[in-house]
Amino acid sequence: MSPRACPRDGAALLAALALLLLAAFPYAEATRNANERPRLLQAASLVERGSWRIDGLGLDPGPDAARAPSGALYPNKPPGTSVVAALGYSVARVTAQGQVPRRGAGDAKDMSKGAGHGGPTLRAMTWWARLFGGVLPTLALCGLLWRSLAPAYGARAAALAIGLYALATPAAAYAHLLYGHQLAACLLWAGLLLLVRAREQGRPGPAALGGALAGSAVLVEYTAAFAGLAAAGLVLGLLRARAWATAGAAIAGAAVPAGLLLAYHAAVFGGPLKTGYHHSATAEFAEKHGQGLLGLVGPSWRAIESHVLSPASGLCGWAPLWPLAIWALWRLARGTWDKGHVLQARVELAAFAAVLLACVSLNFEGGWRVGPRYLVVVLPALALGWAAGAARALAGPPRSWAGTLGLGAAAALASGSLVTNGLAANLWPHFDLTNVYQPVPEILLPLWREGFAPYTLTGALGLPGFGVGWIVLAGLVGLTVLATPRSLGLRGRTAVLVGAIVGLGLVAATTALPRHPRSAANLRYIQKVWEPPRSGEAAPSQRIRLP
């Protein structure tokens, strides 16, 4: 295969990932998801009123809101996710029966006391918004990764690395949510890959588009600004090479979304550098974000434990193969493995390191989450490392028993993380860890054992629904097939198969871990608000009403 030829198996990979990511719709309206609700309201307000404000729509926005100097309420996050969610709201509005109603004088302000009639339900809004803001960006990102990795490392290694990223990291959970992390990751990686190409080829066009896309990631998630330091390094390289036109195009492209974000801040919060976090309507949030730079106070052991080491919330717990990917990126960046990806590896490694440093400098942990949610924007960096490592590991039989054990250990960690991330993504993709030591044995396994199932795509089509266990199993089987080519030989393939089984045992072994004293009460709450009800019928859903 020519090193520049892109294998044609990418469409099949994306179709398989789409089926797995769309199979389940985990949703519990009674939780009033604080991260999604304000963005959904802003999306509806943009469509219905042409306004950014979120009050006056008959729904409680929750604690993740900011009160502007004018007294109006807005999300405390940047507006990019809301703009994409507005497309989802528009589709939900078109498919709804009846027009969006207006509130009468005697109606309650809080629509939780009545569902109303006409217009899209909150559940329908959420499904469409998650599709455009979570699933589709994830699939687009996987397509970009395929075009980047498959020509260099082959279809099997690329598909395995992309499958691990999409199914065995917290990316799986955030593809099912409107948190903006996957949208930001897609924009950031599209921009970085274009900037790398512009740096290598000296072309202003890709530089301008790359700068605009990478800059747009900050319109979705402020944390992406730290990854922008890697993009700034590329621009400095262009300036040092006297590629003035290409450097200027990259800067001009990035200036457009930066200007839009500053204009939004000025229009809504009274100043270009005034964010929603400066005006948080919740006293606890305001106190945390008032320290340092929006909560950045410097590295601490507590933050390192929470975001990196903790099995409940850290990268080691939810993407345990990440050190292998970072090691491979380091080898690529030094040029000891593959001369063709030196610059890309350096940029992705720098982006990952910058955001990791920012995360371990935070004075808060991230609210409702699966794994280290602020690191999700740079998790695509792991795919390059995994693809490079897989291409070497799967090229032939392991040369020693140490290599055989290494294959088995990697398979065990991959299998375990795929199962835990798969259960979280499809059952309950937002843990409140206040009363939980370890969410796998305290939340996920009990829900799965007791038969709690989310809304499913097949159920919406009037067909029998597939259980979450079958969805997870399909992903596990697919990745296991990719990881056991004939080239590994009998010993290598056996090591991978045994490792995959051991990974299932590791998940089961979490039931022996100590539990939080209030974990049982926490689980009862989740079961109480679960949708759909155990009867299988859809629960009532609220609707927006215009003033």
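Residues numbered from 1 in each chain as written. Predicted model: local features only at pLDDT ≥ 70, side-chain atom pairs only at ≥ 80, totals over all residues. Heavy atoms only, no water.

1. Quick word on the confidence of the model for the protein chain
Here's step 1: Taken residue by residue, the protein chain gives an average pLDDT of 90. The fraction at 70 or more is 91%.
Here's step 2: Per-element confidence in the protein chain is highest for helix α6 (residues 171-174), whose mean pLDDT is 98, and lowest for helix α11 (residues 283-289), whose mean pLDDT is 67.
Here's step 3: pLDDT under 50 marks residues 105-117. Its contacts with residues more than four places away, or in other chains, come to 23 contacts. (pLDDT = per-residue confidence, 0-100. Helix = DSSP H or I, 4+ residues; strand = E, 2+ residues; numbered from the N terminus. Contact = heavy atoms within 4.5 Å.)

2. Re the side chain of Ser519
Here's step 1: Note that Ser519 resides in helix α22 (residues 519-528).
Here's step 2: Residue Ser519 is classed as buried on the basis of its relative accessible area, which comes to 9%.
Here's step 3: In contact with Ser519, not counting residues within four places along its chain, are Asn435 and Glu442. (Buried < 20%, exposed > 50% of the residue type's maximum accessible area, 1.4 Å probe, protein only.)

3. Comments concerning unusual backbone geometry
Here's step 1: The omega torsion of the bond from Glu531 to Pro532 falls at -5°, within 30 degrees of zero and hence cis.
Here's step 2: With respect to the helices, strands and loops of the structure, Pro532 is situated in the segment after α22.
Here's step 3: With a phi close to 50°, Arg32 is a non-glycine residue in the positive phi region.
Here's step 4: Topologically, Arg32 is positioned in the loop between β1 (24-25) and α2 (37-49).
Here's step 5: Even without a glycine there, the phi angle at Arg242 is positive, about 60°.

4. Brief notes about the nonpolar core
Here's step 1: Tyr165, Val378, Trp428 and Leu444 are the most contacted members of the largest nonpolar core, which has 142 residues in total.
Here's step 2: One finds Ala44, Ala65, Leu73 and Tyr89 within the second-largest nonpolar core, a separate group that totals 22 residues. (Core = buried A, V, L, I, M, F, W, Y, C linked by side-chain atoms within 4.5 Å.)

5. A few points about helix α12 (residues 301-309)
Here's step 1: Residues Ala303, Ser306, His307 and Val308 constitute the buried set of α12. The buried residues of α12 occupy an angular sector of 165° when the element is viewed end-on, so they sit on one face. Looking at α12, the residues exposed on the side facing more than 90 degrees away from the buried face are Trp301 and Arg302. (Arc of directions from axis to C-beta.)

6. What about α22?
Here's step 1: Residues of α22 that are buried include every one of Ser519, Asn522, Leu523 and Ile526, and no others. Take α22 and look down its axis: the buried residues cluster within an arc of 100°, on one side only. Away from its buried face, by an angle of more than 90 degrees, α22 presents the exposed residues Arg524 and Lys528.
Here's step 2: Packed against the buried residues of α22 are α18 (439-449).

7. Things to note about the packing of aromatic side chains
Here's step 1: One pass over the structure, following the stated rule, counts 14 aromatic pairs.
Here's step 2: Consider the rings of Trp128 and Phe132, whose centres lie 6.3 Å apart with planes at 25°: the pair is stacked. Of this pair, Trp128 and Phe132 both sit in helix α4 (residues 122-153), four residues apart, which is roughly one turn of the helix.
Here's step 3: Cluster of aromatic residues (ring-pair linked, three or more members): Trp52, Tyr74, Tyr264 and Phe269.
Here's step 4: The side chain of Arg534 reaches across the aromatic face of Phe452, ending 4.1 Å from its centre. (Phe/Tyr/Trp six-rings, centres within 6.5 Å; stacked < 30°, edge-to-face > 60°. Lys NZ or Arg CZ within 6 Å of the ring centre and 35° of its normal.)

8. Some details on the packing of helix α14 (residues 322-333) against helix α16 (residues 381-393)
Here's step 1: At a minimum axis distance of 7 Å, the contact between α14 and α16 shows a crossing angle of 75°. One way to sum up the angle between α14 and α16 is to call them roughly perpendicular. Contacts between α14 and α16 pair Trp322, Ala325, Ile326, Ala328, Leu329 and Leu332 from the former with Ala381, Leu382, Leu384, Gly385, Trp386 and Ala388 from the latter.
Here's step 2: Taken together, the residues of the contact of α14 with α16 break down into eleven nonpolar, one polar and no charged. (Axes fitted to C-alpha atoms, helices over the stretch in contact; angles between N-to-C directions. Parallel < 35°, antiparallel > 145°, perpendicular 65-115°, else oblique. Nonpolar A, V, L, I, M, F, W, Y, C, P; charged D, E, K, R; others polar.)

9. Re the environment of Pro514
Here's step 1: Its place among the elements puts Pro514 in the loop between α21 (489-509) and α22.
Here's step 2: Judged by its relative accessible area of 62%, Pro514 is exposed.
Here's step 3: For the pair Pro514 and Ser400, spaced 114 residues apart in sequence, the C-alpha to C-alpha distance is 38 Å.
Here's step 4: Not counting residues within four places of it along the chain, the set of residues in contact with Pro514 comprises Tyr437 and Glu442.

10. Let's talk about the pattern of salt bridges
Here's step 1: As enumerated under the stated definition, the model contains six salt bridges in all.
Here's step 2: Close ionic contact of Glu36 with Arg130 constitutes a salt bridge, the shortest N to O distance being 2.9 Å. With a gap of 94 residues between them, Glu36 in the loop between β1 and α2 and Arg130 in helix α4 connect regions that are remote in the sequence. (Salt bridge = Lys/Arg side-chain N within 4 Å of Asp/Glu carboxyl O.)

11. Some thoughts on the environment of Phe431
Here's step 1: Topologically, Phe431 is positioned in the loop between α17 (401-427) and α18.
Here's step 2: The class of Phe431 is buried, set by a relative accessible area of 1%.
Here's step 3: Linking Phe431 and Val370, residues 61 residues apart in sequence, is a C-alpha distance of 6.2 Å.

12. Things to note about a nonpolar patch on the surface
Here's step 1: A surface patch of nonpolar side chains, amounting to about 310 Å² of accessible area, comprises Leu413, Val498, Val502 and Leu506.
Here's step 2: Its place among the elements puts Leu506 in helix α21. (Patch = residues over 30% accessible without salt bridge, like charges linked within 9 Å, V, L, I, M, F, W, Y side chains within 5 Å. Areas by Shrake-Rupley, 256 points an atom, 1.4 Å probe, with all protein chains shown as cover.)

13. Here's the deal with the state of the cysteines
Here's step 1: Tallied over the full model, the rule gives zero disulfides.
Here's step 2: Take Cys142: it sits in no disulfide, and the sulfur closest to it among the cysteines is that of Cys186, at 9.2 Å.
Here's step 3: The class for Cys186 is buried, based on a relative accessible area of 12%. (Disulfide = S-S within 2.5 Å.)

14. Re the environment of Pro272
Here's step 1: Looking at the secondary structure, you find Pro272 in the loop between α10 (244-269) and α11.
Here's step 2: Sequence spacing of Pro272 and Leu262 is ten residues, and the spatial spacing of their C-alpha atoms is 4.4 Å.

15. Points about the packing of helix α7 (residues 181-201) against helix α9 (residues 224-240)
Here's step 1: Where α7 contacts α9, the two axes come as close as 10 Å, and the packing angle between them is 15°. Here α7 is positioned roughly parallel relative to α9, judged by the angle of their axes. α7 and α9 meet at a crossing whose hand is left-handed. Counting all contacts with α7, which are made through Leu188, Leu192, Leu195, Val196, Ala198 and Arg199, the residues of α9 involved are Ala227, Ala231, Leu234, Gly237 and Leu238.
Here's step 2: Counted by class, the contact of α7 with α9 contains nine nonpolar, one polar and one charged residues. (Left-handed = near helix turned anticlockwise from the far one by under 90°.)

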